Amino acid sequence: MDRTPGACESVAEVLALLDDAGEASWQAYISELLDGTGLGYQRFAALCGISKNTLKRWCSQGGAPRSRDTFLKIGFGAALSPAEVNSMLSRYGGYCGLNPRDPFDAVCIFCLRRRVAGDEGFDYGAAEALYQRLLPEAAAPGPASSTTTKLLARILAIDTESAFAQFFRDYGADLCGRKLKLERYLEEFLTVRRLEAGREHGRAASLHGLRLPPEMEKQLSLLKRQGIVPRRRSLIALGLRLDMTLEELDILLTYAGMEPLYQRDRLEAVLIYALQQLALTHPELALGNATALLAVTCDPRTRRRCTDLAQEYWQACYRSEEEDIQGVAQYVRQILEGLELEEAEDLLPLL
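Remember, it's a predicted structure, so these values are computed and weren't measured experimentally.

J.: Looking at this structure, I do not really get the environment of Leu-253. What am I missing?
T.: Within the secondary structure, Leu-253 is located in helix H14 (residues 246–255). By relative accessible area, Leu-253 is classed as buried at 0%. Aside from chain neighbours lying at most four places away, what touches Leu-253 is Arg-232, Leu-235, Ile-236, Met-258, Glu-259, Pro-260 and Leu-261.

J.: Explain the environment of Tyr-41 here, please?
T.: Structurally, Tyr-41 can be placed in helix H3 (residues 41–48). What Tyr-41 contacts, discounting residues up to four positions off in sequence, is Leu-34, Lys-52, Leu-55, Lys-56 and Cys-59.

J.: Looking at this model, I keep getting lost on the packing of helix H7 (residues 103–116) against helix H9 (residues 148–156). Mind explaining?
T.: A pair of packed helices can be characterised by two numbers: the angle between their axes and the separation between those axes. Look at H7 against H9: their axes get within 9 Å of each other, and the N-to-C directions meet at 40°. In this structure, H7 meets H9 at a crossing whose hand is right-handed. Across from Ala-106, Ile-109, Phe-110 and Arg-113 in H7, the residues of H9 making contact are Leu-152, Ile-155 and Leu-156. Residues belonging to the contact of H7 with H9 are distributed by class as follows: 6 nonpolar, no polar and 1 charged.

J.: Help me out: how do you make sense of unusual backbone geometry in this one?
T.: Glycine aside, negative phi is the norm for most residues, and most peptide bonds take the trans geometry. In this model, Ala-79 sits at a positive phi of 55°, which is unusual for a non-glycine residue. With respect to the helices and strands, the residue Ala-79 is situated in the loop between helix H5 (68–77) and helix H6 (82–93). Ala-79 gets classed as partly exposed once you look at its relative accessible area, which sits at 34%. Positive phi values are uncommon outside glycine, yet Asp-243 reaches one of about 60°. By the element assignment, Asp-243 lies in the loop between helix H13 (232–241) and H14.

J.: Any chance you could explain the environment of Phe-110 here in plain terms?
T.: Mapped onto the elements of the fold, Phe-110 is located in helix H7. Phe-110 sits in the buried class, given a relative accessible area of 0%. Separated by 54 residues in the primary sequence, Phe-110 and Phe-164 place their C-alpha atoms 7.7 Å from one another.

J.: Explain the side chain of Asp-105 here, please?
T.: On the secondary structure map, Asp-105 appears in helix H7. Since its relative accessible area comes to 4%, Asp-105 is described here as buried.

Rules used throughout
Residues numbered from 1 in each chain as written. Predicted model: local features only at pLDDT ≥ 70, side-chain atom pairs only at ≥ 80, totals over all residues. Heavy atoms only, no water. Helix = DSSP H or I, 4+ residues; strand = E, 2+ residues; numbered from the N terminus. Buried < 20%, exposed > 50% of the residue type's maximum accessible area, 1.4 Å probe, protein only. Contact = heavy atoms within 4.5 Å. Axes fitted to C-alpha atoms, helices over the stretch in contact; angles between N-to-C directions. Left-handed = near helix turned anticlockwise from the far one by under 90°. Nonpolar A, V, L, I, M, F, W, Y, C, P; charged D, E, K, R; others polar.

Following this line, the structure appears as structure tokens:
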């Protein structure tokens, strides 16, 4: 697809562009994956640990797996690389990718590499068994000593099970499974919105004062207490409710181990278009976020981004349209409701 949603002049043009290019869907993806193996339904389904009827239904009628583990099983069955599994998890399941700081995900990264290398013994069941054997040997949790990038590089350099077992013993403190950048980034935005909501009272409002849906409050609690990352649709909705720009929403998804908004997904293409249009007509939203975050963040990357953005906006003297908006979520909601887009049914109740 040469053109992007941002280059379109209307939502209808965005959807027409997607129809011409062919919508990315699980049905098309799993059918292509099956064809690429040269196997029949029965054999491929057995490799993936799913039923033949389920596989046939996905290929002929649509639908998709209902759990992250099922996607992982398919990744093992199709002998996909860790990078390919990450893309599948994020794009078609709305789940975070394989996290080298999560003990089970670290095992999956190692086992997927061995399977891609031709060792068929490293299937999903073997990954589960290896995880159960190694978990008691992991070092006691503590402060992380390696960055996520370095930790992943170490795993990708391991070729034997004994070497991986030693890695597991040595780096147990790093296998914490938490996405600290995501938690910090969300907390900064929540702090900004709580301060804004409580400004008339002279103190920050409570989280409940932001009037988020109960489901969203629960997911934020699970993220903070247990490090459980919300589903992709929920994260997108939360970002919109926190008045994030397109760039900020993409950063949020990246910190969650997911791909940025995907221009070949019908719903996400409309979101890209809507947020880009909003940035053109109401640049004060991005400037307001930048200045507000500078007051609360200690993260060097966030400070640099906000400082650069604020300087750009002040120097360019951008002007907004006179029409006010009630917030990013409400703006997007009005667009989606006008389209009656089937793909938006799960997102709309969260906005």
